[in-house]
Amino acid sequence: MDAGLAAVIAGASGAAGAALAAWATGRAMVRQVHVQAQQGFDQWLRERRQDAYAALLSAGDAVHDALDGVMDQTVEPGGPGARRAAWRAVNGALRTFDRAGRTADIVSPPDVGSQRILMREALQDVVAVWRAPSDPPLDERLIAHAAADRAWRETSARYLALIQKDMQSFDA
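What counts, and where the lines are drawn
Residues numbered from 1 in each chain as written. Predicted model: local features only at pLDDT ≥ 70, side-chain atom pairs only at ≥ 80, totals over all residues. Heavy atoms only, no water. Helix = DSSP H or I, 4+ residues; strand = E, 2+ residues; numbered from the N terminus. Contact = heavy atoms within 4.5 Å. Patch = residues over 30% accessible without salt bridge, like charges linked within 9 Å, V, L, I, M, F, W, Y side chains within 5 Å. Areas by Shrake-Rupley, 256 points an atom, 1.4 Å probe, with all protein chains shown as cover. Salt bridge = Lys/Arg side-chain N within 4 Å of Asp/Glu carboxyl O. Lys, Arg positive; Asp, Glu negative; His and termini not counted. Charge placed at Lys NZ, Arg CZ, Asp CG, Glu CD. Buried < 20%, exposed > 50% of the residue type's maximum accessible area, 1.4 Å probe, protein only. Expected span 1.5 Å × (residues − 1). Core = buried A, V, L, I, M, F, W, Y, C linked by side-chain atoms within 4.5 Å. Axes fitted to C-alpha atoms, helices over the stretch in contact; angles between N-to-C directions. Parallel < 35°, antiparallel > 145°, perpendicular 65-115°, else oblique. Left-handed = near helix turned anticlockwise from the far one by under 90°. Nonpolar A, V, L, I, M, F, W, Y, C, P; charged D, E, K, R; others polar.

A. The arrangement of the side chain of Asp149 in detail. With respect to the helices and strands, Asp149 occurs in helix H4 (residues 138–168). Excluding anything up to four places from it in sequence, Asp149 contacts His64 and Val126.

B. Structural detail: a negative patch on the surface. A contiguous patch of negative charge, built from Asp61, Asp65, Asp68, Asp72 and Glu76, is present on the exposed surface. Inspection of the secondary structure assignment puts Asp65 in helix H1 (residues 3–75). The exposure class of Asp65 is exposed, given its relative accessible area of 54%.

C. Spatial organisation of helix H3 (residues 110–131). Helix length check: H3, at 22 residues, gives a terminal C-alpha distance of 31 Å against a target of 32 Å (1.5 Å per residue), a fit within 8%. When H3 is considered as a whole, its buried residues turn out to be Val112, Gly113, Gln115, Arg116, Met119, Arg120, Ala122, Leu123, Val126, Val127, Val129 and Trp130.

D. Examining the nonpolar core more closely. In this structure, Leu67, Val90, Phe97 and Tyr159 are the most contacted members of the largest nonpolar core, which totals 32 residues. Broken down by element, this core gets its largest block of residues, 10 residues, from H1. Not counting residues within four places of it along the chain, the set of residues in contact with Val90 comprises Ala66, Leu67, Val70, Val127 and Arg131.

E. The arrangement of the side chain of Gln73 in detail. By the element assignment, Gln73 lies in helix H1. Discounting residues that sit within four places of it in the chain, Gln73 has contacts with Gly78, Gly79, Ala82, Arg83 and Ala86.

F. Molecular detail of the packing of H3 against H4. Contact pair H3 / H4: the axes reach a minimum separation of 8 Å and the direction vectors enclose 165°. Of the possible angle classes, the one that applies to H3 and H4 is roughly antiparallel. Our pair here, H3 against H4, has a crossing hand that is left-handed. Among the residues making up the contact of H3 with H4, the classes are represented as 17 nonpolar, four polar and six charged.

G. Expanded view of the packing of helix H2 (residues 80–107) against H3. Contact geometry of H2 with H3 gives a least axis separation of 11 Å together with a crossing angle of 175°. The pairing of H2 with H3 is recorded here as roughly antiparallel in orientation. Residues Arg83, Trp87, Val90, Asn91, Leu94, Phe97, Asp98, Gly101 and Asp105 of H2 form the contact with H3, whose own contacting residues are Gly113, Arg116, Met119, Arg120, Leu123, Gln124, Val127, Trp130 and Arg131. In the contact of H2 with H3, the residues fall into eight nonpolar, four polar and six charged.

H. Geometry of the pattern of salt bridges. Here the structure, examined in full by the defined rule, presents six salt bridges. A salt bridge links Arg48 to Glu47; its shortest N-O distance comes to 3.6 Å. In this structure Arg48 comes out as partly exposed when scored by relative accessible area, which is 32%. Residue classification places Glu47 among the partly exposed positions, given a relative accessible area of 34%.

I. Molecular detail of a nonpolar patch on the surface. A cluster of nonpolar side chains, namely Val75, Leu138 and Leu142, defines an oily patch on the protein surface of about 240 Å² accessible area. Its place among the elements puts Val75 in helix H1.

Okay, here's the thing in C-alpha cells:
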C-alpha cells in the first residue's frame, strides 16, 4: 500500500471518529438539557404545591377562628348586627378556603384533591352545627360541634398525610 492511500484511509478514519464523537457529545448534551428541564419543572411544581397546601390548611384554620365569633355570639348575644358580622367573617373564610382548594386541586394529584373534598365537607358540617335555624340547647350544640370538629380533624390529618407523601415524592 502506498503512503498516499494510507494517509487517505487514516484521514477518513479520523474524520469518522471525530464525527462519531461529536454525535455522542451532542446526544449527551441533549439528554442533560432534558434532565435539567425536568428538574426545573419539578422544583417549580413542588413550590406551587407547597404554597397551595399551606394556604388551604391556613384557610381551614381561619374558618375555625371565624366560627369562634359565631360561638361567642351564641353564648353571649351582642345583637343582630354582631351576629351578622360574625357570620360574614365565617362566610368569607369559607370562600377563601374554597378558592385555596381550587388552587390546590390544580397542582395536586387526584387522590389529594379527593381528600380535600372530604375535608371541605367535614368543615361544612362543623359550620352547620351553628348555622342550624332551630336553636337546640347550647350543651347539645357543643356536643354536636365536638363530634363534627373531630371528623374535621380526622379528614385534615388524612389530607396532611397525603400532602406529606406527595411532597416527599419530589425527594425520590
